[in-house]
Amino acid sequence: MSETSFILTLTSDPLPGIIAAVSTAVADLGGNITETNQHWDRPANRFFLRVAFVGPQGLTAPAVEQALAPTAEQLGLDLNVVDAASPPKIIAMVSKFDHALLHLLYQIRVGWLRAEVVAIVSNHEDARRIADHEGIRFVHLPVTPETKPHQEAALLELVAETEAELVILARYMQVLSDDLTRKLSGRAINIHHSFLPAFKGANPYKQAYTRGVKLIGATSHYVTADLDEGPIIEQDVARVSHADTGDDLVAIGRDTESRVLARAVKSHLERRVLLCGSRTVVFTK
């Protein structure tokens, strides 16, 4: 028998009976739960739930939301249901460093990431060859102080036109305006180098080499008006030693950045990331 698959996520006050009510509603629709994760964040006093389930052929996400509407109203649930079988549409933004973009495209090609890249956007022409090779639409939006408002408006038009639900800054080396970050709140993910200690400004890997660091890392987070201060989704580090050159650190850093960004995107696309103020709840399998 054919099945449909869904992912339900919700946030609410930590009230009794939420899991029971959701489970009962899924069962009444003929659904079967395949995975469930929950978390009560006591400092924020918020409850988070993610439920993956399969249902009978013909069942739709709006029908599930409608069936749960009375419960959502009664318990004050901020609830969302998506069709898990439909690959989410994404836009990837890149400047000249293409390692993170190439890693994303590879993981999509082999099926580890389930997504449809509807456009690659860049402020340079370098990535056009990648887009052409992959058969992906390439949009060149060169940015200057004078053109920035117009180009950001063009990006928002592209998001609306393609119905992209996520914008990925895969080493896109332009600071987004406060207005754009507000409009893309929770829908834009960035990757940046994250060192202990932190090295700001130009040539961070060179600074790290000069200081003789033993750990380098990367952080992927949601984009906010506070540069590199958005809610963190994924992080990782790699050990280095005195024997590593500056070029070695660059290579190790790029590899770490690529993997961290891909893991963050995967968590978001699978609806495993729920916002909790300036922090995130990230459910794993």
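Structure's up top.
Note that the coordinates shown come from a computational prediction; the quantities given were computed from them, not determined experimentally.

**Focus: helix α2 (residues 61-75)**
Working step 1: Along its 15 residues, α2 runs 20 Å from first to last C-alpha, staying within 8% of the 21 Å computed at 1.5 Å per residue.
Working step 2: The largest bend in α2 is about 50°, located at L68, with the proline P70 one to four residues further on.
Working step 3: Taken residue by residue, α2 has A61, V64, L68, T71, A72 and L75 as its buried positions.
Working step 4: Looking at the buried residues of α2, the elements they touch are β1 (3-12), α1 (18-28), β3 (46-56) and β4 (78-83).
Working step 5: Of the residues one or two after α2, G76 is the one with positive phi, at around 70°.

**Let's talk about unusual backbone geometry**
Working step 1: For N45, which is not glycine, the phi dihedral falls at a positive 55°.
Working step 2: Here N45 is to be found in the loop between β2 (32-41) and β3.
Working step 3: Its identity as a non-glycine residue notwithstanding, R171 has a phi of 65°, on the positive side.
Working step 4: For R171, a relative accessible area of 11% translates into the label buried.

**Things to note about empty space enclosed by the protein**
Working step 1: Counted under the stated rule, the structure contains one cavity of 30 Å³ or more.
Working step 2: If you add up the space inside the largest cavity, you get close to 90 Å³.
Working step 3: What lines the largest cavity is a set of 13 residues, among which M93, V143, E152, Y172 and L176 lie closest to the centre.
Working step 4: Ranked by the residues each element gives to the lining of the largest cavity, the list is headed by helix α5 (residues 148-162), at four residues.

**Concerning the layout of surface pockets**
Take a probe with the size of a water molecule and roll it over the atoms, and the empty space left behind shows itself.
Working step 1: Taken as a whole, the largest pocket spans an internal volume of roughly 1000 Å³.
Working step 2: Contributing to the lining of the largest pocket are 38 residues, with N190, H192, H193, L227 and D228 lying nearest its centre.
Working step 3: Secondary structure elements with two or more residues in the lining of the largest pocket: β9 (188-193), α7 (204-211), β10 (215-222), β11 (232-239) and α8 (246-269).
Working step 4: Residue composition of the lining of the largest pocket, by class: 18 nonpolar, 13 polar and seven charged.

**Side note on the sheet that holds β2**
Working step 1: Strand order in the open sheet formed by four strands is β2-β3-β1-β4, with antiparallel pairing between adjacent strands. The open sheet has two free edges, formed respectively by β2 and β4, since each of these has just one partner strand. Each strand axis lies, on average, 10° off the axis of its neighbour in the sheet, ignoring direction.
Working step 2: Alignment of β2 against β3, held across nine bridges, turns out to be antiparallel. Each bridged residue has a counterpart across the sheet, and for N37 the counterpart in β3 is R50.
Working step 3: Across the face of the sheet, α1 comes into contact with β1, β2 and β3 while running at roughly 15° to β3.
Working step 4: Most of the contacts of α2 go to β4, to which it runs at about 155°, and overall it touches β1, β3 and β4.

Rules behind the numbers
Residues numbered from 1 in each chain as written. Predicted model: local features only at pLDDT ≥ 70, side-chain atom pairs only at ≥ 80, totals over all residues. Heavy atoms only, no water. Helix = DSSP H or I, 4+ residues; strand = E, 2+ residues; numbered from the N terminus. Expected span 1.5 Å × (residues − 1). Bend = angle between axes of the 7 residues up to and from the residue. Buried < 20%, exposed > 50% of the residue type's maximum accessible area, 1.4 Å probe, protein only. Contact = heavy atoms within 4.5 Å. 1 Å grid on protein atoms, 1.4 Å probe; cavity = no way out; pocket = protein on both sides within 12 Å on 5 of 7 lines; lining within 4 Å. Points joined across faces, edges and corners; volume = space filled by probe spheres on them. Nonpolar A, V, L, I, M, F, W, Y, C, P; charged D, E, K, R; others polar. Pairing = 2+ DSSP bridges. Axes fitted to C-alpha atoms, helices over the stretch in contact; angles between N-to-C directions.

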